[in-house]
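Structure assessment
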Amino acid sequence: MKAAVVQFPGSNCDRDLAVGFRLAGFDVEIVWHKDASLPDDVDIVGVPGGFSYGDYLRCGAIAAQSPIMRAVAEFAGRGGHVLGVCNGFQVLCETRLLPGVLMRNAGLKFVCRSEPLRVATADSPFTSGYAKGDAIAYPIAHHDGNYQIDEDGLALLRAEDRIAFTYRDNPNGSRADIAGVLSANRRVLGLMPHPERAVEASHGNEHGAAMFSALAGALVAA
Amino acid sequence: MKATVTVMLKQGVLDPQGEAVKSALGAMGFDGVAGVRQGKVIELDLADGTTEAQVGEMCEKLLANTVIESYRVEIA
């Protein structure tokens, strides 16, 4: 099992995300934003948190046009699995692999804390280690996590059970308390909270470990 | 030739930064500011012969996120 973690100039959670994958048994290769292709045997791509390209223009907008993201979009188009965390979620929205956008937090403040979440669906390779309705907590750390989507888009997400996580105490103004969403084929997940920062006892809790181990199980079976 | 692209949040999209500027102006004693919308201006220095359609494509693909933003192009 192999995970590729993308590194942009300004990424700062790439190594943390690699640790999350490694603890679940993945081999991890870091891939550079200028690379035009992914390693051949990759099972999942991680798009990490941080401030890619300094958040210039819009968060994730420049990264979305990088050579590696073209390769990631093709990989996802072939049914590949992709996990985008925080800035990675913003990048996946900007590449249109996921619907909606992430705007400036409604309170205008950078919010950094352990965030109470609810698992909104267990029907995905990312969330099958939880039960629907589970109350968990992952850390958040973002300034632009205010998820917005239009009425039709929200109705579609609900109808297709594609809201993966919701906030229990909305920290940023996100529509319908949405913290993370799935693609139509359920193989691409973007979320603002950081599962990779909750995988060891010293992190405060290990709620994120279930995501990486569920992925390992799903991808071994595949 | 030069082009000026103005990118604004679409009407109906909440602009938290504009709201914060509006309340700051009110707190400073400027009465009668009914609304503030904050956007961005991007100046492009272009090769002669660049068409407005090409600038439009730049806006669609990168300069604006048309899910929430609208843009206006002025070519001088």
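Above this text sits the structure in question.
Below, the structure is looked at part by part. These numbers come from a predicted model, not from an experiment. (Residues numbered from 1 in each chain as written. Chains lettered and ligands numbered in written order. Predicted model: local features only at pLDDT ≥ 70, side-chain atom pairs only at ≥ 80, totals over all residues. Heavy atoms only, no water.)

**Points about helix H5 (residues 209-221) of chain A**
Along its 13 residues, H5(A) runs 18 Å from first to last C-alpha, staying within 8% of the 18 Å computed at 1.5 Å per residue. Those residues of H5(A) that sit buried are Met211(A), Phe212(A), Ala214(A), Leu215(A), Ala216(A) and Leu219(A). (Helix = DSSP H or I, 4+ residues; strand = E, 2+ residues; numbered from the N terminus. Expected span 1.5 Å × (residues − 1). Buried < 20%, exposed > 50% of the residue type's maximum accessible area, 1.4 Å probe, protein only.)

**Remarks on the interface of chain B and chain A**
Of the residues lining the interface, 17 residues belong to chain B; the matching set on chain A comes to 13 residues. Both sides together, the interface formed by chain B and chain A hides about 1,200 Å², and carbon and sulfur atoms give 64% of it. On the chain B side of the contact with chain A, Pro16(B), Leu62(B) and Asn65(B) bury the most area, a combined 42% of that side's loss. The tally of links from chain B across to chain A stands at 1 salt bridge. Close ionic contact of Arg58(A) with Glu69(B) constitutes a salt bridge, the shortest N to O distance being 3.7 Å. Linking chain B with chain A are 6 residue pairs in polar contact (both at pLDDT 80 or more), by the criterion used here. Elements that contribute at least two residues to the side of chain B that touches chain A include exactly helix H1 (16-27), strand E2 (40-45) and helix H2 (52-63) of chain B. Across the side of chain B that touches chain A, the residue classes tally to 11 nonpolar, 3 polar and 3 charged. (Contact = heavy atoms within 4.5 Å. Buried area = accessible area lost by both parts, 1.4 Å probe. Salt bridge = Lys/Arg side-chain N within 4 Å of Asp/Glu carboxyl O. Polar contact = N/O pair within 3.5 Å; in protein donor to acceptor, adjacent residues only side chain to side chain. Nonpolar A, V, L, I, M, F, W, Y, C, P; charged D, E, K, R; others polar.)

**Here we look at the layout of surface pockets**
Estimated volume of the largest pocket: approximately 510 Å³. Surrounding the largest pocket, 24 residues form its lining, Arg58(A), Asp144(A), Gln17(B), Lys40(B) and Glu69(B) being those nearest its centre. Those elements that place two or more of their residues in the lining of the largest pocket are helix H3 (87-94) and strand E5 (101-103) of chain A together with strand E1 (2-9) and H1 of chain B. Within the lining of the largest pocket, the residues separate by chemical class into 11 nonpolar, 5 polar and 8 charged. (1 Å grid on protein atoms, 1.4 Å probe; cavity = no way out; pocket = protein on both sides within 12 Å on 5 of 7 lines; lining within 4 Å. Points joined across faces, edges and corners; volume = space filled by probe spheres on them.)

**A word on unusual backbone geometry**
Residue and element names in this part refer to chain A. The phi dihedral of Tyr53 is positive, around 50°, even though this residue is not glycine. Relative to the helices and strands, Tyr53 is located in the loop between strand E3 (44-47) and helix H2 (67-77). For Asp55, which is not glycine, the phi dihedral falls at a positive 60°. Among the secondary structure elements, Asp55 is positioned in the loop between E3 and H2.

**What to know about H2(B)**
All names here are of chain B. Under the 1.5 Å per step criterion, the end-to-end length of H2 is only 14 Å for 12 residues, more than 12% shorter than the ideal 16 Å. Looking at H2, one finds that the buried residues are Val55, Gly56, Cys59 and Leu63. Axial view of H2: buried residues confined to an arc of 105°, hence all on one face. Opposite its buried face, H2 presents the exposed residues Ala53 and Lys61, each directed more than 90 degrees away. (Arc of directions from axis to C-beta.)

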